[in-house]
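Chain residues, written in single-letter form:
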Amino acid sequence: MTTSFPIERITARILDIPTIRPHKLSFGAINRQSPVIVQLWLRNGATGFGEAATIGGPSWNEESPESIHHAITNHLAPALAGQDGARIEACLARMDLACRGNAFAKSAVEMALLDAVARSLQVPVWQLLGGKQHDSLPLAWTLASGDVERDLAEAQLRLDQGRHRIFKLKIGARTPEADLAHVSQIARGLQGRATLTVDVNQAWDGATARRFLPPMIEAGVSLIEQPVAQWNVPALRELTATLPSTALVMADESVCTPHDAMRLAREQACHVFSLKVAKHGGLLRTRQVAAIAQAADIGWYGGTMLETSIGSAASAHVFATLGGRHHNCELFGPQLLVDDIVTERMPIADFALQLPDGPGLGVEVDPAQLDRFDRARQGLQPT
Ligand code: MUC
Ligand code: MG
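What comes next concerns the included structure. (Residues numbered from 1 in each chain as written. Chains lettered and ligands numbered in written order. Predicted model: local features only at pLDDT ≥ 70, side-chain atom pairs only at ≥ 80, totals over all residues. Heavy atoms only, no water.)

## A closer look at helix 5 (residues 148–160)
- Compared with the 18 Å implied by 1.5 Å per residue over 13 residues, the 18 Å span of helix 5 between its first and last C-alpha is a close match.
- Summarising the contacts, the buried residues of helix 5 are in contact with strand 2 (17–25), strand 7 (140–143), strand 8 (166–170) and helix 6 (176–190).
- Just past helix 5, the residue glycine 162 takes up positive phi, approximately 70°. (Helix = DSSP H or I, 4+ residues; strand = E, 2+ residues; numbered from the N terminus. Expected span 1.5 Å × (residues − 1). Contact = heavy atoms within 4.5 Å.)

Next up, the structure:
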């Protein structure tokens, strides 16, 4: 017997959800997230949801909520209408024919398809991806208010709540001297109680990184994320080879496609890949990038684009299936938003995210919340 799940219809809408505080990165501050939410219906009546979130419109990379919405509505949805949704890889190949690149847009559609197919089969999405190896993953929080006192108070609260003891600091917007002072103060304030990462979001050149990373590592930072430009693999490789061994170098913007992963692996240009479902173009392709990491003795980190609970749950499903050496995850997007679009979030207990288990993505969307934050209904403009 063969199983077939013809695709009936795919829709997309942009939401605008304020953040609980300004989130400051090297390229600017964000006050709201604008995820694109996809809903896909199968002819059997099952429906699934997917999401693609960017950070700061098209500031993090080329895709923006508007370009994602356009690609889905005008190219990807028509390409998949009437196709057999059970043939997930064939659907991905069709999307690749219809639309070059646009990984974020494709990831949202694939997510909705996996959710709908898994619900039809009454299994969790992780079951379609090979089964799970983790029930929980230690969960990081990003301190990005821009203010030392506020960052320290935020960290203290999360430590006291038993929610987070891994903190990521976003740097690169100010002078490296000011960043070093900020990071050192936070490291002193949290000494012995927390693990620290810095994410430079591509802001530095190789010389700045060579000069300012050693004192940050000396201060207590143990994971360095994307210190140099996405294209600057030679500098990334040199830092990986020469920085003190108490810290690891992690690629984020530099590792999107499996081909990027192959280049970084071949050149041994980093110790860790930050995996993100959106930039890899979906859950199945996240597994491809993770496989290259594992084969090249590179560890993985469960990254985020600050998604709601839909995208965060999808990421949690694929991270749950991965072997190899992991360096925790940062699926805290829902907690950075003033409210969510699901009835119940994934629980956080004992400093770890508890990975979902229900059918599909394991979270239930609240349609009233989708309407509440819908950009078309709120009349907001793009960021
Ligand atoms: C990034 O570049 O990692 C993830 C967490 C966070 O605070 O910002 C993002 C983007
Ligand atoms: Mg990053």
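What follows picks up the thread again.
## Some points on the side chain of glutamine 39
- Tracing the backbone through its elements, the reader meets glutamine 39 in strand 4 (residues 36–42).
- Look at glutamine 39 and you get buried, because its relative accessible area is 18%.
- A distance of 3.0 Å separates a polar atom in the side chain of glutamine 39 from a polar atom in the side chain of threonine 47. (Buried < 20%, exposed > 50% of the residue type's maximum accessible area, 1.4 Å probe, protein only. Polar contact = N/O pair within 3.5 Å; in protein donor to acceptor, adjacent residues only side chain to side chain.)

## A closer look at the packing of aromatic side chains
- Per the counting criterion, the structure on display carries three aromatic pairs.
- Ring geometry for tryptophan 141 and phenylalanine 332: centres 4.9 Å apart, planes at 55°, overall tilted. Pair noted here: tryptophan 141 is in strand 7 and phenylalanine 332 is in the loop between strand 14 (326–329) and helix 13 (333–336), with a separation of 191 residues, a long-range link. By the burial criterion, tryptophan 141 is buried, and phenylalanine 332 matches it. (Phe/Tyr/Trp six-rings, centres within 6.5 Å; stacked < 30°, edge-to-face > 60°.)

## Side note on the sheet that holds strand 7
- Within the open sheet, the eight strands sit side by side as 7-8-9-10-11-12-13-14. Their pairing is parallel. Because the sheet does not close on itself, it has two edges, and the strands there are strand 7 and strand 14. Neighbour-to-neighbour, the strand axes of this sheet turn through a mean angle of 25°, independent of strand direction.
- Strand direction decides the pairing type here: strand 7 and strand 8, joined by four bridges, are parallel. Bridging across to strand 8, tryptophan 141 finds its partner in phenylalanine 167. (Pairing = 2+ DSSP bridges. Axes fitted to C-alpha atoms, helices over the stretch in contact; angles between N-to-C directions.)

## Focus: the pairing of strand 2
- Summarising the sheet, strand 2 and strand 3 (residues 28–33) pair through five bridges and their orientation is antiparallel. Bridged to lysine 24 within strand 3 is alanine 29.
- Hairpin connection of strand 2 to strand 3: two residues between the antiparallel strands.

## A closer look at the packing of helix 1 (residues 65–80) against helix 3 (residues 103–121)
- Interhelical geometry of helix 1 versus helix 3 gives an angle of 55° and a closest axis separation of 9 Å. With respect to each other, helix 1 and helix 3 are oriented oblique. When you trace helix 1 past helix 3, the crossing you get is right-handed. Of helix 3, the residues touching helix 1 (which contributes Ile68, Ala71, Ile72, Leu76 and Leu80) are Phe104, Ala105, Lys106, Ala108 and Val109.
- By residue class, the composition of the contact of helix 1 with helix 3 is nine nonpolar, no polar and one charged. (Parallel < 35°, antiparallel > 145°, perpendicular 65-115°, else oblique. Left-handed = near helix turned anticlockwise from the far one by under 90°. Nonpolar A, V, L, I, M, F, W, Y, C, P; charged D, E, K, R; others polar.)

## Regarding the coordination of the magnesium ion (ligand 2)
- Protein ligation of the magnesium ion (ligand 2) involves Asp199 (OD), Glu225 (OE) and Asp252 (OD), the donor distances falling in the range 2.0 to 2.3 Å.
- Taking relative accessible area as the criterion, aspartate 199 reaches 1% and is therefore assigned buried. (Donors = N, O, S within 2.8 Å, 3.2 Å for Na, K, Ca; no water.)

## Section: the site of ligand 1
- Around ligand 1, the surrounding shell holds 15 residues, and the nearest of these are His23, Trp60, Thr142, Lys168 and Asn201.
- In the environment of ligand 1, an oxygen atom lies 3.0 Å from a nitrogen or oxygen atom belonging to the side chain of lysine 170.
- For ligand 1, an oxygen atom lies 3.1 Å from a polar atom in the side chain of aspartate 252.
- Surface burial for ligand 1 is 100%, taken as the share of its 280 Å² of free accessible area covered by protein chains.
- Tallied by class, the residues present in the shell around ligand 1 amount to four nonpolar, four polar and seven charged. (Near = heavy atom within 4 Å. Areas by Shrake-Rupley, 256 points an atom, 1.4 Å probe, with all protein chains shown as cover.)

## A few points about helix 9 (residues 258–266)
- Within helix 9 the residues assigned to the buried category are Ala261, Leu264 and Ala265. For helix 9, the angular spread of the buried residues around the axis is 100°, confining them to a single face. Facing away from the buried side of helix 9, by more than 90 degrees, are the exposed residues His259 and Arg266.
- Of the surrounding secondary structure, the elements contacted by the buried residues of helix 9 are helix 8 (233–242), strand 11 (248–251), strand 12 (272–275) and helix 11 (283–295).
- Downstream of helix 9 by one or two residues, glutamine 268 has phi in the positive range, about 45°. (Arc of directions from axis to C-beta.)

## Brief notes about the side chain of lysine 106
- Here lysine 106 shows up in helix 3.
- In this structure the side chain of lysine 106 is engaged in a polar contact, spanning 2.8 Å, whose partner is the backbone oxygen of glycine 101.
- Those residues in contact with lysine 106 that lie beyond four places of it in its chain are Leu76, Met95, Asp96, Cys99, Arg100, Gly101 and Gly281.

## Focus on the sheet that holds strand 5 (residues 47–52)
- Spatial ordering of the open sheet is given by 1-4-5, a layout of three strands whose pairing is antiparallel. Each edge of the sheet is formed by a strand with only one pairing partner; in this case those strands are strand 1 (7–14) and strand 5. Taking the axes of each pair of neighbouring strands and ignoring which way they run, one obtains an average angle of 20° across the sheet.
- Pairing between strand 4 and strand 5: six bridges, direction antiparallel. Residue pairing across strands places tryptophan 41 opposite threonine 47, the latter belonging to strand 5.
- Running over the sheet, helix 1 touches strand 1, strand 4 and strand 5 and is turned about 170° from strand 1.

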